[in-house]
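Read off the chains here:
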Amino acid sequence: MASPDSSTHRVPNEKHHISGIEGTAHEAAERGHAATDRYGNALVHFDPVAERKLRLKIDLMIVPTVALLYLFCFIDRANIGNAKLAGLEKELHMAGYDYNIVLSCFYISYILFEIPANMLCKKIGPGWFIPGTTLLFGICSFGTAFVHNFSAMCGVRFVLGIFEAGMLPGIAYYLSRWYRRSELAFRLSLYIVMAPLAGAFGGLLASGILKLESVGSLRSWRMIFVIEGIITCGLAIIGFFTLTDRPATAKWLTQEERDLAIARVKSERVGTTEVLDKIDTAKMLKGIFSPMTLLTSFIFLLDNVTVQGLAFFLPTIVRTIYPKNTVVSQQLRTVPPYIVGAFFTVLVPFASWRFDNRTIFFILSAPFMMTGYIMFLASTEAQVRYGATFLITTGAFSFGALTNAQVSANVVSDTARAAAIGTNVMFGNIGGLISTWAFLPFDTPNYHIGNGLNLATATVILLLSIGMYFFVKMDNKKRESKDIDSELDGLSDKAIQDLDWKHPAFR
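Residues numbered from 1 in each chain as written. Predicted model: local features only at pLDDT ≥ 70, side-chain atom pairs only at ≥ 80, totals over all residues. Heavy atoms only, no water.

## As for the overall build of the chain
Phase 1: Helix and strand counts for the chain stand at 23 helices and zero strands.
Phase 2: Residues counted as buried form 61% of the 507 residues belonging to the chain.
Phase 3: Considering only contacts in the chain between residues 6 or more positions apart, those separated by 24 or more positions represent 83%.
Phase 4: Accessible surface, the chain: about 18,800 Å² in total, of which carbon and sulfur atoms supply 66%. (Helix = DSSP H or I, 4+ residues; strand = E, 2+ residues; numbered from the N terminus. Buried < 20%, exposed > 50% of the residue type's maximum accessible area, 1.4 Å probe, protein only. Contact = heavy atoms within 4.5 Å. Areas by Shrake-Rupley, 256 points an atom, 1.4 Å probe, with all protein chains shown as cover.)

Right, dumping it as structure tokens:
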């Protein structure tokens, strides 16, 4: 398996560098032209100053829009936790496991449509798909304000899962069109950080909305859904005009910048002659069944048991810790742990970019989660348990960016990348489905089952991450012993491209 921690190729064979950007980058960017030799070495020498200027331009034009859309994607998903505090269960006559069932309905459709949604994103283009699906789940969130029974709530949440399924993997895939492998994790974190910020901002927004007397004929928790749904729809419409589908169509880049944007991404994809290939079943299966995709995706599954569990149950957990506080006060106490989690969501991927290493940060993050859940299990003191939530968010929230960057870095073709990211997010949301049954009504107020489950998942993350580190070391050593020329002799250009991550020069 290729290394997830290196964005360059080190092969002791001849290396050809063509100096200068103009001309050579244009040739490398053209469809049908490779940007690497058969050993995986870039055929173009890129001016680091020009790259830095281009990267900043892309950061400013692409990241803010997708970050804002994802913020309200997560708010529209998690605001049911705030609505629960505001009386949703009582008004809809929900009892026992009804709330858990409602949450599960969302995840069932979310999981089923994850990979199909990301392949649809590739087919029609992220520039249209991302704002389109945002508009649809905004409408769905708006409609939640008008449900009047448990069955209708289940149906609306199921439909919401269909429309939200393509957002996280779709944006990750979209950004992989613009950034190098080493750069991707940090850029992913700049929109994934919206998930913990959604917890913080969602709590503030919900508490502010609940201070209103009514919105039309709607009162209480219904106001949360209708106002947040309207905001989402408005942002989606703006997104249709602001999202650029790919570097080749970016009107805000000069021709030289477009060539550089394409060539630098292409230079990391050994044997590739086009950045955007046609959907190919064989490549799609390589993306799904890559050992690194499956291992990383399972780690994300385990992590998401914690992340999604916090999104839905932190308000409830805070209520058990501070039962005498007002509802607004309880809502506000959910904010600080998310602020801390947001900080580390960005800091850890930034460090991974600078060190060009992701696996080591998997290993370092897990103990924070373990410590937090040990504190939950060992103490009933309110301050200790509230403090534990800060440790948990510190360790858990960076995995969204790290794992998606990991699977993206470990495949070559665009089709395999879309499939790998879709698989990773699908597994992650299986973890989300599990999380809906982690904190059960009969286990309140200490939630021994939920906290014990999360301690177990964090422990397994640590063990698997250590195993991944040594697996990559062994696999790269095995690849370095191969004779690349003899491995590739007799293969056509298409056959070499179809090797994808199995290409002997891929690291």
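Structure's up, so let's keep going.
## A few points about the packing of aromatic side chains
Phase 1: Per the counting criterion, the structure on display carries 23 aromatic pairs.
Phase 2: For the ring pair F142 and F146, a centre distance of 5.5 Å and an interplane angle of 50 degrees mean the geometry is tilted.
Phase 3: The exposure class assigned to F142 is partly exposed, which follows from its relative accessible area of 30%.
Phase 4: Considering the side-chain rings of F186 and W353, the 5.5 Å spacing of their centres and the 15 degrees angle between planes classify their relative orientation as stacked. Remark: W353 occurs in helix α16 (residues 335–355) and F186 occurs in helix α9 (residues 181–192); sequence separation between them is 167 residues. (Phe/Tyr/Trp six-rings, centres within 6.5 Å; stacked < 30°, edge-to-face > 60°.)

## Focus on the pattern of salt bridges
Phase 1: In the structure shown here, the tally under the stated rule is eleven salt bridges.
Phase 2: Between R264 and E51 there is a salt bridge; the shortest N-O distance is 2.8 Å. Here the residue R264 occupies a position in helix α12 (residues 255–266), and E51 occupies one in helix α2 (residues 48–85), the gap between them amounting to 213 residues.
Phase 3: A relative accessible area of 9% means that E51 is categorised as buried. (Salt bridge = Lys/Arg side-chain N within 4 Å of Asp/Glu carboxyl O.)

## A look at the packing of α2 against helix α8 (residues 167–176)
Phase 1: Interhelical geometry of α2 versus α8 gives an angle of 170 degrees and a closest axis separation of 11 Å. For the element pair α2 / α8, the angle class is roughly antiparallel. For the pair α2 and α8, contact is made by I62, V66, L69, Y70 and C73 and by M167, L168, I171, Y174 and L175, respectively.
Phase 2: In terms of residue class, the contact of α2 with α8 is made up of ten nonpolar, no polar and no charged. (Axes fitted to C-alpha atoms, helices over the stretch in contact; angles between N-to-C directions. Parallel < 35°, antiparallel > 145°, perpendicular 65-115°, else oblique. Nonpolar A, V, L, I, M, F, W, Y, C, P; charged D, E, K, R; others polar.)

## Notes on unusual backbone geometry
Phase 1: The backbone of H93 sits at a positive phi, close to 55 degrees, despite the residue not being glycine.
Phase 2: Structurally, the position occupied by H93 is in the loop between α3 (88–91) and α4 (98–112).
Phase 3: With relative accessibility at 70%, the residue H93 sits in the exposed group.
Phase 4: For Y447, which is not glycine, the phi torsion reads 50 degrees and is therefore positive.
Phase 5: Tracing the sequence through the fold places Y447 in the loop between α20 (414–435) and α21 (448–480).

## Concerning helix α17 (residues 359–378)
Phase 1: The terminal C-alpha atoms of α17, which comprises 20 residues, lie 30 Å apart, in line with the 28 Å expected from a rise of 1.5 Å per residue.
Phase 2: Within α17 the residues assigned to the buried category are T359, F361, F362, I363, S365, A366, M369, M370, G372, Y373 and F376. (Expected span 1.5 Å × (residues − 1).)

## A word on the environment of S365
Phase 1: Checked against the element boundaries, S365 lands in helix α17.
Phase 2: Counting along the chain gives 34 residues from S365 to F399, while the straight-line C-alpha distance between them is 8.5 Å.
Phase 3: Contacts of S365, omitting those with residues within four sequence positions, involve V348, G395, S398 and F399.
Phase 4: Within the structure, the side chain of S365 is placed 2.8 Å from the backbone oxygen of F361, a separation counted as a polar contact. (Polar contact = N/O pair within 3.5 Å; in protein donor to acceptor, adjacent residues only side chain to side chain.)

## So, the side chain of D76
Phase 1: With respect to the helices, strands and loops of the structure, D76 is situated in helix α2.
Phase 2: Salt bridges are absent for the buried D76, whose nearest opposite-charge side chain, R157, sits at 8.4 Å. (Lys, Arg positive; Asp, Glu negative; His and termini not counted.)

## Considerations on the nonpolar core
Side chains that are nonpolar tend, in soluble globular proteins, to be buried together.
Phase 1: In terms of nonpolar packing, the biggest core is built from 132 residues, with Y70, L88, L175, W178, L188, Y191 and W221 touching the most fellow members.
Phase 2: A per-element tally of this core places α2 first, with 16 residues.
Phase 3: Non-local contacts of L188, meaning those with residues more than four positions away in its chain, are made with A172, L175, A401, N404 and A405.
Phase 4: Counting five residues, the second-largest nonpolar core is a separate cluster that includes L205, I209, M223 and I224. (Core = buried A, V, L, I, M, F, W, Y, C linked by side-chain atoms within 4.5 Å.)

## Focus on the packing of α16 against helix α18 (residues 382–396)
Phase 1: Where α16 meets α18, the closest approach of the two axes is 8 Å, and the angle between their N-to-C directions is 25 degrees. Between α16 and α18, the angle is such that the two are roughly parallel. In this structure, the crossing between α16 and α18 has a hand that is right-handed. Between α16 and α18, the contacting residues are P336, P337, V340, G341 and F344 on the first element and Y386, T389, F390, T393 and T394 on the second.
Phase 2: Taken together, the residues of the contact of α16 with α18 break down into six nonpolar, four polar and no charged. (Left-handed = near helix turned anticlockwise from the far one by under 90°.)

## Thoughts on the environment of I461
Phase 1: Within the fold, I461 resides in helix α21.
Phase 2: When sequence neighbours within four positions are dropped, the list of residues in contact with I461 reads I299, L302, D303, A366, M369 and F399.

## Topic: α2
Phase 1: Taking 1.5 Å of rise per residue, the 38 residues of α2 would be expected to cover 56 Å, and the 52 Å separating its terminal C-alpha atoms lies within 8% of that figure.
Phase 2: The largest bend along α2 measures about 40 degrees and falls at R77.
Phase 3: The buried count for α2 comes to 27 of 38 residues, which makes it a mostly enclosed element.
Phase 4: Two or three places before V49, at the start of α2, stands the capping residue D47, its side-chain oxygen 3.1 Å from that residue's backbone nitrogen.
Phase 5: Phi for G87, located one or two positions after α2, is positive at around 110 degrees. (Bend = angle between axes of the 7 residues up to and from the residue.)

## Details of the confidence of the model for the chain
Phase 1: Chain-level pLDDT for the chain is 84 on average; 86% of the residues reach the 70-or-more range.
Phase 2: Counted against residues more than four places away or in other chains, residues 2–23, with its pLDDT under 50, gives 70 contacts. (pLDDT = per-residue confidence, 0-100.)

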